[in-house]
Amino acid sequence: DAGVTQSPTHLIKTRGQQVTLRCSPISGHKSVSWYQQVLGQGPQFIFQYYEKEERGRGNFPDRFSARQFPNYSSELNVNALLLGDSALYLCASSPGRTTASTDTQYFGPGTRLTVL
Amino acid sequence: AQRVTQPEKLLSVFKGAPVELKCNYSYSGSPELFWYVQYSRQRLQLLLRHISRESIKGFTADLNKGETSFHLKKPFAQEEDSAMYYCALGGSEKLVFGKGTKLTVNP
């Protein structure tokens, strides 16, 4: 298993645009969580999805949305991009037996988003 | 509110010296504490969690609820321990990470 995969690796957008980031979990994992990591900070929780349902949401504006597909892969969408959205976006999968706050997270390599 | 504080942004020790990475937390519920590590050019990965009470790569961490701390310790640091270390707090809906400590072990 290649582990958690994310695409694209890097992305450059301009303010006001929309972006979609993709994540494929480890085989057998039913939960996907998304994190934003700004330079010099730790990852910050955005969403957790389990069995296509939202299980948890962090303190992010409604411009951020996500969904999970029947094969447990997930997309994170960000609308009306701001300069401050520039960050590394991490996806993590877990078996899903509990919430993202107590289940071991298996992280992907991340997508580096730059907003100009 | 959940909060994690890692007071040291950078920590530098010599090979063979003891190392302690500090983590303090604030949480009114029953905490779940983790240490995640990111080695150079690798993914963020779990190092250990308090409920396992394991020693991983010689590292241990004890949850002290009285002092609300979960410090990471290793008696003899190795050069391969050089990495970014993040303390994380769970227990409610979300996992909250500290800002991280960059550990450098010098030869």
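Structural data are supplied above this passage.
Quick look at the structure, then. (Residues numbered from 1 in each chain as written. Chains lettered and ligands numbered in written order. Predicted model: local features only at pLDDT ≥ 70, side-chain atom pairs only at ≥ 80, totals over all residues. Heavy atoms only, no water.)

If you look at the biggest cluster of nonpolar residues, it comprises 25 residues, and the most contacted ones within it are Trp35(B), Leu72(B) and Tyr85(B). Broken down by element, the residue count for this core peaks at four residues, all from strand E9 (residues 83-90) of chain B. Non-local contacts of Leu72(B), meaning those with residues more than four positions away in its chain, are made with Val19(B), Glu20(B), Leu21(B), Trp35(B), Leu47(B), Leu48(B), Phe59(B), Thr60(B), Ala61(B) and Tyr85(B). Grouped together as the second largest cluster of nonpolar side chains are 22 residues, Val4(A), Ala66(A), Leu81(A) and Cys91(A) included. (Core = buried A, V, L, I, M, F, W, Y, C linked by side-chain atoms within 4.5 Å. Buried < 20%, exposed > 50% of the residue type's maximum accessible area, 1.4 Å probe, protein only. Helix = DSSP H or I, 4+ residues; strand = E, 2+ residues; numbered from the N terminus. Contact = heavy atoms within 4.5 Å.)

Turning our attention to the packing of aromatic side chains. Describing an aromatic ring pair means giving the distance of the ring centres and the angle of the ring planes. Enumeration over the complete set of coordinates arrives at eleven aromatic pairs over all chains. Each ring, one from Tyr35(A) and one from Phe97(B), has its centre 5.8 Å from the other, and the planes form 90 degrees; the classification is edge-to-face. Of this pair, Tyr35(A) sits in strand E4 (residues 31-37) while Phe97(B) sits in strand E10 (residues 96-97), which puts the two residues in different chains. On the accessibility criterion, Tyr35(A) (0% relative accessible area) is buried. For the pair Phe107(A) and Tyr36(B), a centre-to-centre distance of 5.7 Å together with 90 degrees between the ring planes defines the contact as edge-to-face. Placement of the pair is Phe107(A) in strand E10 (residues 106-107) and Tyr36(B) in strand E5 (residues 32-38), with the two residues belonging to separate chains. Here the two residues Phe107(A) and Tyr36(B) agree in accessibility, since each one is buried. One aromatic cluster in this structure is built from Tyr35(A), Phe45(A), Phe107(A), Phe34(B), Tyr36(B), Tyr86(B) and Phe97(B). The aromatic ring of Tyr50(A) is capped on one face by Arg55(A), whose charged end is 4.1 Å from the ring centroid. (Phe/Tyr/Trp six-rings, centres within 6.5 Å; stacked < 30°, edge-to-face > 60°. Lys NZ or Arg CZ within 6 Å of the ring centre and 35° of its normal.)

Quick look at the interface of chain A and chain B now. Counting residues at the interface gives 24 residues for chain A and 17 residues for chain B. Buried surface at the junction of chain A and chain B, both sides included, amounts to about 1,700 Å², of which 50% is carbon and sulfur. Counting the surface chain A buries against chain B, the share from its top three residues, Ser101(A), Thr102(A) and Phe107(A), is 31%. Applying the counting rule to chain A against chain B returns five residue pairs in polar contact (both at pLDDT 80 or more). Those elements that provide at least two residues to the side of chain A that touches chain B are E4 and strand E6 (53-57) of chain A. In terms of residue count, the dominant contributor to the side of chain A that touches chain B is E6(A) (three residues). For the side of chain A that touches chain B, a count of residues per class yields eight nonpolar, 13 polar and three charged. (Buried area = accessible area lost by both parts, 1.4 Å probe. Polar contact = N/O pair within 3.5 Å; in protein donor to acceptor, adjacent residues only side chain to side chain. Nonpolar A, V, L, I, M, F, W, Y, C, P; charged D, E, K, R; others polar.)

This part covers the pattern of salt bridges. One side chain can pair with another of opposite charge once the charged atoms of both are near each other. Residues and elements named next belong to chain A. For the structure on display, the rule yields nine salt bridges over all chains. We note a salt bridge from Glu75 to Arg22, for which the minimum N-O separation is 3.4 Å. With Glu75 in strand E8 (residues 74-78) and Arg22 in strand E3 (residues 19-24), this residue pair connects regions lying 53 residues apart in the sequence. Relative accessible area serves as the criterion here: at 11%, Glu75 is assigned to the buried category. Judged by relative accessible area, which is 40%, Arg22 ranks as partly exposed. Glu54 is the partner of Arg57 in a salt bridge, and the nearest nitrogen-oxygen pair spans 3.4 Å. Of the residues examined, Glu54 reaches a relative accessible area of 38% and is grouped as partly exposed. (Salt bridge = Lys/Arg side-chain N within 4 Å of Asp/Glu carboxyl O.)

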